[in-house]
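Chains, contacts and geometry: an overview
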Amino acid sequence: MNNISEIITENMRRVAVVGHVHPDGDCVGSVMGIVHYLTDNYKDLTVTPYLEALTDDICFMTQGIDVREDDGAGEDYDLVISSDVSDLGRIGAGKAAFMEALDKHRTVCIDHHVSNPLFADVNHVEPKASSASEVAAGLMELDKISLAAATCLYTGIIHDSGVFRFDSTSPRTLRIAADLIEKGVPFALIIQDSISNEPIRQLQMFAHVLNSGVLYEDERIFVGRAPKVLQTEMGLNQRQLGSVVMYLNYIKEADVVLFMYENDDGTWKGSLRSKTEVDVAAIAAEFGGGGHKKAAGFTVNADVLEDTECKVRQLVKEAVNA
Ligand SMILES: [Mn+2]
């Protein structure tokens, strides 16, 4: 597919756009970007976004728009588009609408995950793109992108690219972002309000993990933990722990960071970050997990928590000396 117009036919009237479970900035940005673009340019279309409940930092993108949080069963849409969804099982709200449309060969998948099994009838997956929002923007005609659409797409790009810091940022990412800024996107305000804006409890959690964790200087790895009791004490849920590992990654003396936090079911999630050639996806795979070279994760049982931390340190050591 070169342009999103290729999937819109004359007799289409009702379209739905769905994202993944626990929607993040890129998911909401790309879904809402597509919703705005289709609504703005196809007057015969009624376009409905489906998204699960949004966190405070990204909910501005859906303000004033009817977003459905249910599964959309029985709606019989002419077309259902998924965006930023890596796998059928990851569809959040609107899942029934998507599955019913799949039976009728009326689905499209727009994504950037390399692992995407191409689950829709029409699939447009760009594994090298920074974000689904970049992919979506690349399928649009620039002069047909409104300020509202541009704002959502820009927000999606900065969320998934770490404001253009991650390796996935390409010259194309920046060109598309530049085109979007030209529409008048208030980018400084969005970065301030949507990225550099953390509730004090989340920063206190980071401070706690930083102070209670251990820096193994010889191995250049920092290991920190957040047990359930601490999460409860701070009034945080798991989704609000995401920024902790990002801040831990600022530690100059550590090339690799391991952040272990307890899940509701008593298992522990290990979140790994690397600043060097140490491939943390390979380390996570040793524990049945996976991810990217510089950001990966896995889940282990509580009884092997200590062992796991030791083993990660050993694996990092081996990788450094390899
Ligand atoms: Mn994404």
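Here the structure is a predicted model, which means the values were calculated and not measured.

Each value, and the rule that gives it
Residue positions are given per chain, counting from 1 as you read along its sequence in written order. It should be noted that, the model being predicted, local features are given only for residues of pLDDT at least 70 and side-chain atom pairs only at 80 or more, the latter also being counted only at that level, while totals for whole chains, interfaces and linings use all residues. Just so you know, side-chain values use all the structure's heavy atoms and leave hydrogens and water out. By the criteria applied, helices consist of DSSP H or I runs no shorter than four residues and strands consist of E runs no shorter than two, each listed in order from the N terminus. Every radius of gyration here is taken over C-alpha atoms, with the globule rule written as 2.2 Å times N^0.38, N being the number of residues. Only four residue types enter the tally: Lys and Arg on the positive side, Asp and Glu on the negative side, with His and both chain ends excluded. Working definition for charges: the position is that of NZ of Lys, CZ of Arg, CG of Asp or CD of Glu. Donor atoms (N, O, S) are those found within 2.8 Å of the metal centre, with the cutoff raised to 3.2 Å for Na, K and Ca; water is not part of the atom list, so apparent gaps in a site can occur. Here the term buried applies to any residue with accessible area under 20% of the maximum for its type, exposed to any over 50%, and partly exposed to those in between, with areas from a 1.4 Å probe on protein chains only. Here, a disulfide means two cysteine sulfur atoms that sit within 2.5 Å of each other. Axis lines are fitted through C-alpha atoms, for helices just across the contact stretch, and the angle between N-to-C directions can take any value from 0 to 180 degrees. Each crossing is labelled by how the near helix is turned from the far one, with a counterclockwise turn of less than a right angle marking it left-handed and a clockwise turn marking it right-handed. Whether two residues are in contact is decided by their heavy atoms: any pair within 4.5 Å suffices. For this classification, Asp, Glu, Lys and Arg are treated as charged, while Ala, Val, Leu, Ile, Met, Phe, Trp, Tyr, Cys and Pro are nonpolar and the rest, including Gly, are polar. Between any two strands, pairing holds if DSSP finds at least two bridges. Only protein atoms enter the 1 Å grid used here, on which a cavity is any set of points holding a 1.4 Å probe that cannot leave and a pocket is any open set flanked by protein within 12 Å on both sides along at least five of seven lines; residues with an atom within 4 Å of a point are listed as lining. Grid points are joined across faces, edges and corners, and a volume is the space filled by probe spheres set on the points.

**Structural notes on the overall build of the protein**
A tally of helices and strands in the protein yields 11 helices and 11 strands. For the protein, whose C-alpha radius of gyration is 21 Å, the value lies close to the compact-globule estimate of 20 Å for 322 residues. On the principal axes, the C-alpha backbone points of the protein span a range of 65 × 40 × 40 Å. A gap of 3 Å separates the mean positions of the 28 positive and 49 negative side-chain charges of the protein.

**Describing the coordination of the manganese ion**
Within the protein, the manganese ion binds to D26 (OD), D84 (OD), H112 (NE2) and D160 (OD); these donor distances fall in the range 2.1 to 2.3 Å. Coordination of the manganese ion draws on donor residues from a single chain, spaced D-x57-D-x27-H-x47-D in sequence. With a gap of 86 residues between them, D26 in helix α1 (residues 25-41) and H112 in the loop between β4 (107-111) and β5 (122-125) connect regions that are remote in the sequence. In this structure D26 comes out as buried when scored by relative accessible area, which is 0%.

**Focus: the state of the cysteines**
This structure, assessed with the given rule, holds zero disulfides. With no disulfide of its own, C27 lies 12 Å from the sulfur of C152, the closest cysteine sulfur. Exposure remark for C27: the relative accessible area of 0% places this residue in the buried category.

**Topic: the packing of helix α4 (residues 147-161) against helix α5 (residues 171-181)**
Geometry of a packed helix pair, given as the angle between the helix axes and the separation of the axes. Between α4 and α5, whose axes approach to 9 Å, the crossing angle comes to 145 degrees. Of the two possible hands of crossing, α4 and α5 adopt the one that is left-handed. Here A150, L153, Y154 and I157 of α4 lie close against α5, whose contacting residues are T173, I176, A177, L180 and I181. Looking at the contact of α4 with α5 residue by residue, the class counts come to eight nonpolar, one polar and no charged.

**Observations concerning the sheet that holds strand β11 (residues 295-300)**
Taken in spatial order, the six strands make up an open sheet running β6-β7-β8-β9-β11-β10, and their pairing is mixed. The outermost strands of the open sheet, each flanked by one partner alone, are β6 (214-216) and β10 (290-291). When β6 meets strand β7 (residues 221-226), the two strands line up antiparallel, connected through three bridges. Across the sheet, the residue bridging to Y216 is I221, located in β7. Each of β6, β7, β8 (256-262), β9 (268-274) and β11 is contacted by helix α11 (residues 305-321), which is oriented at about 160 degrees to β7, the strand it contacts most.

**Here we look at empty space enclosed by the protein**
Evaluation of the coordinates by the stated rule reveals one cavity of 30 Å³ or more. In this structure, the largest cavity encloses a volume near 30 Å³. Lining the largest cavity, in full, are E75, D76, Y77, A97, E100, A101 and K104. Among the residues making up the lining of the largest cavity, the classes are represented as three nonpolar, no polar and four charged.

**Some points on the environment of Y42**
One can find Y42 in the loop between α1 and β2 (46-50). Residue class for Y42 comes out partly exposed when judged on its relative accessible area of 22%. Between the alpha carbons of Y42 and R313 there is a distance of 55 Å; along the sequence they are 271 residues apart. Look past the residues within four positions of Y42 in its chain and what remains in contact with it is S5 and I8.

Purely spatial values, then, with no claim about function.
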